[in-house]
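Overview (structure and organization)
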Amino acid sequence: HRDLHSFPTRRSSDLLEFVDALSAEPGRLAGERERLIADPTYVSYAWEQQSYALQSEYAEPLARWIELFGRDRVHVAVSEEYYQSPAEVLADVDEFLGLPRRETSSGHVRNAAQGSPLPPEVDRALRERFVEPNRRLEVLTGQCFPWPTP
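As the structure is a prediction and not an experimental result, all values here were calculated from the model.

1. Focus on the packing of aromatic side chains
Each pair of aromatic rings is reported with the distance of its centres and the angle of its planes. Considering all chains together, one arrives at five aromatic pairs under this definition. Geometrically, the ring pair formed by Phe18 and Tyr52 is tilted, given 6.0 Å between the ring centres and 55 degrees between the ring planes. One end of the pair, Phe18, is in helix 2 (residues 18–29); the other, Tyr52, is in the loop between helix 4 (45–49) and helix 5 (59–69), with 34 residues separating them in the sequence. The class for Phe18 is buried, based on a relative accessible area of 5%. Ring plane angle 45 degrees and centroid distance 6.0 Å describe the contact between Tyr58 and Trp147, whose orientation is recorded as tilted. A residue pair is termed long-range when its members are at least 10 positions apart, and Tyr58 in the loop between helix 4 and helix 5 and Trp147 in the segment after helix 9 (131–141) qualify at 89 residues.

Here it is, written out as structure tokens:
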């Protein structure tokens, strides 16, 4: 959940402070999923730009990809692992795609932004919020993720 804060800060797409934006998220997203499903041409600013916590729940959308393409055709790379070892993660992607392993990374991390430290109670609440979604993701993928728990 650390990336949750840096993303909106970097993009300046939200006028609310991060903690306030998290609190406002349920109201902002009310009815948006239904509208998106009902109308394929509908574009939701709130869904795309203000669903910080919801977009960090990866299991449900990933399950749809797996259902469509099969688990053996979906590779999950973890950004924290990429930031730590970009060449290794990209080599794993090459291998998954059936390509020869090659040096594909400069090691330069792009699109990274530092967020401010979260208040302890917000950090704790986010860790608790993501326990079950992260468990579902681990079951779905068979992977363990390097994310903090409560």
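2. Topic: helix 2
Between its first and last C-alpha, helix 2 extends 16 Å over twelve residues, near the 16 Å set by a 1.5 Å rise per residue. Taken residue by residue, helix 2 has Phe18, Ala21, Leu22, Glu25 and Leu29 as its buried positions. End-on, the buried residues of helix 2 take up no more than an arc of 105 degrees, which puts them together on one face. Turned more than 90 degrees away from the buried face of helix 2 sit Ser23, Pro26 and Gly27, all of them exposed.

3. Details of the environment of Arg64
With respect to the element layout, Arg64 can be found in helix 5. A distance of 3.2 Å separates a polar atom in the side chain of Arg64 from a polar atom in the side chain of Glu60.

Analysis parameters
Residues numbered from 1 in each chain as written. Predicted model: local features only at pLDDT ≥ 70, side-chain atom pairs only at ≥ 80, totals over all residues. Heavy atoms only, no water. Phe/Tyr/Trp six-rings, centres within 6.5 Å; stacked < 30°, edge-to-face > 60°. Helix = DSSP H or I, 4+ residues; strand = E, 2+ residues; numbered from the N terminus. Buried < 20%, exposed > 50% of the residue type's maximum accessible area, 1.4 Å probe, protein only. Expected span 1.5 Å × (residues − 1). Arc of directions from axis to C-beta. Polar contact = N/O pair within 3.5 Å; in protein donor to acceptor, adjacent residues only side chain to side chain.

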